[in-house]
Amino acid sequence: MLTRREVFRSAAAGAAALAIPGFTFAQEAKGFTLPKLPYAYDALEPSIDAETMTIHHDKHHQAYVDNLNKALTADAPDLLGKDIVELVQGYKKLPEKVQTAVRNNGGGHLNHTWFWQMMAKPGTAPKLDLLKAIEASFGTLDGFKKDFSAAAVSQFGSGWAWLVVGKDKPLAIVKTANQDNPITDGQAVLLGCDVWEHAYYLKYKNLRAKYLEAWYNVANWDFVADLFAKATKK
Ligand code: MN
């Protein structure tokens, strides 16, 4: 008797052999995939613990990817191969049936893909033009942290705090609910911190401000500097 896994394997092999262009298997092949973490699960210890990183990446981020693929496969398979940044940026112009899935699960996929890169071990410090922009906008790096933490802590429920290119000052801080991303409002994102409880609860419990304090130690300001240079290039 075949096990469930063997039955699945032989069914998949049979369907793959019969696959015709545009059939489900071809669509799945160009669906979104979970990117690997750019470091080990325990690399950000003690600021972010390995268990949180493992669940956050392998379960939460994977679920956003899976649910996005599922929704698009069902209702807009031509969008499966598109750029996730463009999809999230312009989700309001997509077919109504997939707008919520792209906003929530597409947003989740994009936000986390960036989030992993916005952290590093060891964390880095802002330099040169970026440091000048921080000082012009917030007085000092500590001034930035104070304002950013205030935004992050005051985000009611789940969401994100973001550093974006500013309008009247070089930089600005905004916050969004759920998996919304400021690029949908036309803002250039430089840094984002996930303040969903799944990002910190195992280690920091209800103390979101403590998580923020530790998170600055692993902020990847080199990555932010690249984004800032690209966003402000004349
Ligand atoms: Mn998250």
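Higher on the page you've got the structure.
Structural notes, computed from the coordinates. (Residues numbered from 1 in each chain as written. Predicted model: local features only at pLDDT ≥ 70, side-chain atom pairs only at ≥ 80, totals over all residues. Heavy atoms only, no water.)

1. Re the packing of aromatic side chains
- Enumeration according to the criterion identifies 13 aromatic pairs in this entry.
- Here Trp160 and Trp162 contribute two aromatic rings whose centre-to-centre distance is 5.2 Å and whose plane-to-plane angle is 15°, an arrangement assigned as stacked.
- Given the relative accessible area of 0%, Trp160 is considered buried. (Phe/Tyr/Trp six-rings, centres within 6.5 Å; stacked < 30°, edge-to-face > 60°. Buried < 20%, exposed > 50% of the residue type's maximum accessible area, 1.4 Å probe, protein only.)

2. Digging into the layout of surface pockets
- Estimated volume of the largest pocket: approximately 150 Å³.
- Lining the largest pocket are Ala125, Pro126, Lys127, Leu128, Asp129, Leu130, Trp221, Asp222, Ala225, Phe228, Ala229 and Thr232.
- The set of elements that each furnish at least two residues to the lining of the largest pocket consists of helix H6 (128–138) and helix H10 (221–232).
- At 6 residues, H10 tops the list of elements feeding residues into the lining of the largest pocket.
- Of the residues contributing to the lining of the largest pocket, the split by class is 8 nonpolar, 1 polar and 3 charged. (1 Å grid on protein atoms, 1.4 Å probe; cavity = no way out; pocket = protein on both sides within 12 Å on 5 of 7 lines; lining within 4 Å. Points joined across faces, edges and corners; volume = space filled by probe spheres on them. Helix = DSSP H or I, 4+ residues; strand = E, 2+ residues; numbered from the N terminus. Nonpolar A, V, L, I, M, F, W, Y, C, P; charged D, E, K, R; others polar.)

3. Things to note about H6
- Within H6, burial applies to Leu130, Ala133, Ile134, Ser137 and Phe138. Down the axis, H6 shows its buried residues gathered within 100° of arc, on one side only. More than 90 degrees from the buried face of H6, the exposed residues found are Leu128, Asp129 and Lys132.
- Of the residues one or two after H6, Gly139 is the one with positive phi, at around 85°. (Arc of directions from axis to C-beta.)

All we've got here are geometric facts, nothing functional implied.
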